[in-house]
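Descriptive analysis of the structure
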Amino acid sequence: MNDDLIAPVDEPPVYETAEPVLYTAADGIAWVTLNRPQFHNVQNSQMTYALDDAFVRAVDDDAVKVVVLKSDAKHFSAGHDIGTPGRDFHSSVERRLMWYDHANKAGAEKAYAREQEQYLGMCKRWRDIPKPTIAQVHGGCIAGGLMLAWVCDLIIASDDAFFQDPVLQMGFPGLEYFAHCHELNVRLAKEFLFLGERMSAARALQAGMVNRVVPRAELASEVERVAARIAQQPRLALQLAKQACNHMETLAGKNAGIDAAFGYHHFAHANNTLVKGDYIAGFDGKKMAEQNKRQASGD
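Residues numbered from 1 in each chain as written. Predicted model: local features only at pLDDT ≥ 70, side-chain atom pairs only at ≥ 80, totals over all residues. Heavy atoms only, no water.

Moving on: the confidence of the model for the protein. When pLDDT is averaged across the protein, the result is 95; 97% of the residues are at 70 or more. No element of the protein has a lower mean pLDDT than helix α10 (residues 285–297), at 74, and none a higher one than strand β4 (residues 133–137), at 99. (pLDDT = per-residue confidence, 0-100. Helix = DSSP H or I, 4+ residues; strand = E, 2+ residues; numbered from the N terminus.)

Shown next, in the form of C-alpha cells:
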C-alpha cells in the first residue's frame, strides 16, 4: 500500500547559475567559494550538492592538505533558501546518504526526509571530512549559514562579520544542526536563540565560537597564512588530531543532542503546518530579512 504517497509538486526551480560553488586548489590548499551572490549565498539543494562535490574533490586530491570555505559575496551565507527562484524544496535530487526521496511524500514526512539528507546528514558528513577545514567568514553568517561555519574546524572572521540564528520567530527551537550549546556555553546559547540578535565577531571571539578576528582587508591573507601553516603538517597527523577532537565532542553528547533537537525542529514544522497552514509559518526570504532588519533597528 502506498496511500501516503503524493504526486510531486510541479514547480521546477529557475537557477541563476550553473556553478553555485566554485573550486580552486594550489599549494596544498583547496578554496571552496559559495557563489550565489545575488541571493547572499542562501543554500538550495543545487548548492548543497555542489558543495559536497567540492569537498569530495578536495578529499580525493592528495595534494590538498586543508580546505577553506569562503564567500566572495556581500555575506558569507544568509541561510537556507526559502524564497528565491532557485528554491528547489519540491525537487527530487540524486541523494548521497541513505535516505529516500522526499518529493512524493505527504505531510511532515516530506520536510523530515529532505532535511535528514540535506541539512543534518550533510553537516555531519562535512564535519567528518578527514582534512582540516577553515571557514572564512565576513558579513552575515545567519541561520543555515551557521551550519556551514560550525562544521569547519576553524572559523576566522572579519571584524564586520556577525552571527545570528533568528528562527525562533518561525516557531523553531533553532536551526537543524543544533550545535549551539557546543559552540557557546549554555547561557550564551539561550541568549543567542531567545533574542535572535546579531552576535558581533568580537563577541563571538570572546565566547570561543571563532578562532580569530581580523580587519576585513586582512581576512583573506590571514586565512591563507593559517592554511599554509597547516598544510606543512603531516597529513595523517592532521587527520588523527581532528578525529580525536571530534571524538571528544561525540563523547560529550554532541551528536545525541543534535539528533534530539532535530526532532523538536520537525515537531515545530508539523505544528506550523497545522496552525499556520505552512511548514515555515508563512515566512519567505524577504519577510525574514525585513523582520531581521526591524529587530536590528530596535523597532
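Residues V32, L51, L69, V137, W150, F163 and Y177 are the most contacted members of the largest nonpolar core, which totals 51 residues. Here this core gets seven residues from one element, more than from any other, and that element is helix α1 (residues 45–60). Sequence-distant contacts of V137, that is, excluding residues within four places in its chain, are made with F76, A149, I155, I156, A157, S158, A161, F163 and L219. (Core = buried A, V, L, I, M, F, W, Y, C linked by side-chain atoms within 4.5 Å. Buried < 20%, exposed > 50% of the residue type's maximum accessible area, 1.4 Å probe, protein only. Contact = heavy atoms within 4.5 Å.)

Turning next to the pattern of salt bridges. Throughout the structure, instances matching the rule amount to 16 salt bridges. Note that D81 and R36 form a salt bridge whose closest N and O atoms lie 3.0 Å from each other. Of the two residues, D81 is situated in the loop between β3 (66–71) and α2 (108–127) and R36 in the loop between β2 (29–34) and α1; the sequence distance between them amounts to 45 residues. A relative accessible area of 5% places D81 in the buried class. What makes R36 buried here is its relative accessible area of 1%. Note that D72 and K70 form a salt bridge whose closest N and O atoms lie 2.9 Å from each other. The class for D72 is exposed, based on a relative accessible area of 60%. (Salt bridge = Lys/Arg side-chain N within 4 Å of Asp/Glu carboxyl O.)

It is worth spelling out the sheet that holds β2 at this point. One open sheet holds the six strands; their spatial order is β1-β2-β3-β4-β6-β9, and the pairing between them is mixed. Among the strands making up the open sheet, the edge pair consists of β1 (21–26) and β9 (212–214). On average, adjacent strands in this sheet sit at an angle of 20° to one another, irrespective of strand direction. Where strand β6 (residues 154–158) and β9 come together, three bridges link them in parallel fashion. Counterpart to A157 in the pairing with β9 is V213. (Pairing = 2+ DSSP bridges. Axes fitted to C-alpha atoms, helices over the stretch in contact; angles between N-to-C directions.)

Our next topic: the environment of V68. Mapped onto the secondary structure, V68 falls in strand β3. With 86 residues separating them in the primary sequence, V68 and L154 have C-alpha atoms 9.4 Å apart.

The next subject is the pairing of β3. Most of β3 sits out of view: six of its six residues are buried. Burial of the side chains of β3 extends over both faces: V66, V68 and K70 are buried on one face and V67, L69 and S71 on the other. Where the polypeptide runs from β2 across α1 and back to β3, its parallel neighbour, the crossover connection is right-handed. Where β3 and β4 come together, three bridges link them in parallel fashion. Directly across from V67, in β4, lies its bridge partner T133. (Right-handed = clockwise from strand over helix to strand, strands pointing away.)

Taking 1.5 Å per residue as the helical rise, α1 with its 16 residues ought to reach 22 Å, and the 22 Å between its terminal C-alpha atoms agrees with that figure. Every buried residue belonging to α1 is among S45, Q46, M47, T48, Y49, A50, L51, D52, A54, F55 and A58, and all of these are buried. Of the surrounding secondary structure, the elements contacted by the buried residues of α1 are β1, β2, β3, α2 and α3 (144–150). (Expected span 1.5 Å × (residues − 1).)

What follows deals with the sheet that holds strand β8 (residues 199–200). Strand order across the open sheet formed by three strands is β5-β7-β8, with mixed pairing between neighbours. Every interior strand has two partners, whereas the edge strands, β5 (140–142) and β8, have only one. Of the strand pairs in this sheet, β5 and strand β7 (residues 162–164) are connected by three bridges, and their pairing is parallel. Counterpart to G140 in the pairing with β7 is F162.

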